Amino acid sequence: MDSSPIKFVEYANLPTNKVTHVIISQCANSIIHSLNSIGINTILAEKCNFLNEAECHHADMQCVHLGNNEIFVLSECNNLKRQLEDLKFNVYTTQKRLKKNYPHNVLLNACILGDTIICNPDTVDKELLQKHRKVISVKQGYCRCSIAVVSQNAVITADEGIYRSLKNSDIDCLKISTGNIELPGFDYGFIGGCCGKLSKDILAFSGKLESHPNSDNIKAFLRNYNVYSENLNNEKLIDIGGILPVMEGKIV
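Residues numbered from 1 in each chain as written. Predicted model: local features only at pLDDT ≥ 70, side-chain atom pairs only at ≥ 80, totals over all residues. Heavy atoms only, no water.

## A short note on empty space enclosed by the protein
With the rule as written, the count across this model stands at three cavities of 30 Å³ or more. Space inside the largest cavity adds up to approximately 70 Å³. Looking at the lining of the largest cavity element by element, the count peaks at three residues for strand β4 (residues 63-67). Residues that form the lining of the largest cavity fall into these classes: six nonpolar, two polar and two charged. (1 Å grid on protein atoms, 1.4 Å probe; cavity = no way out; pocket = protein on both sides within 12 Å on 5 of 7 lines; lining within 4 Å. Points joined across faces, edges and corners; volume = space filled by probe spheres on them. Helix = DSSP H or I, 4+ residues; strand = E, 2+ residues; numbered from the N terminus. Nonpolar A, V, L, I, M, F, W, Y, C, P; charged D, E, K, R; others polar.)

## Remarks on the layout of surface pockets
In this structure, the largest pocket encloses a volume near 280 Å³. Every residue lining the largest pocket is counted, 19 residues in all, and those nearest its centre are Cys 27, His 58, Ile 238, Asp 239 and Ile 240. Top element by residues in the lining of the largest pocket is helix α1 (residues 29-37). It accounts for three residues. The volume enclosed by the second largest pocket comes to roughly 210 Å³. Glu 10, Tyr 11, Ala 12, Leu 66, Gly 67, Asn 68, Glu 70, Gly 114, Asp 115, Lys 131, His 132 and Arg 133 are the residues that line the second largest pocket. Of the residues in the lining of the second largest pocket, the class split is three nonpolar, four polar and five charged.

Rendered as structure tokens:
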């Protein structure tokens, strides 16, 4: 562990200082190298044989950070659970049985914004729902995959249903075009699966944001919230299951 003072990210997905630890797929080699080169430790999501090949290493399929030291992990992911417990996380595990086929594979695929959870209540683990006071219900089971978190009240998605649901909330949502993000085994990947915040003002992408046809609109939307993009390599955007910030440096 980094010897500098660190703390848990208080609000899920929303670090206030430079991130020290993220959860990420063990297969995202070039992204792991880029993160490690700037001093960020990578907690590796394992291969989960209960998920299909395209998503079996994805962090956003295996866990969801609730904020502070609280995190949910699939009961099948024992190695990830041990890594997080070693870092003093309070780890909850799913009660429902995981299956490969949708919608039984998205038990933890929910987007957390403070005390709000955006999810399909019919597909997420019921224990997860009990941890939040406010639920924004959507039909998309791949909810976390489909949402890039910009700030406490700003997100990006290509999903029409999520966009319509958020229009009636106090969360500002940029709608982008579907596709243009790679995900081997699928026609396309999702915006939430190719990014994650590395500090209050940096949203990092697993690939080159400029390869997306809506990159200018995305950058303008980010600037509205004093957030800037950072490319972690120069390849096309690829859905790696997200870059989940869970620990950050303290201001001392």
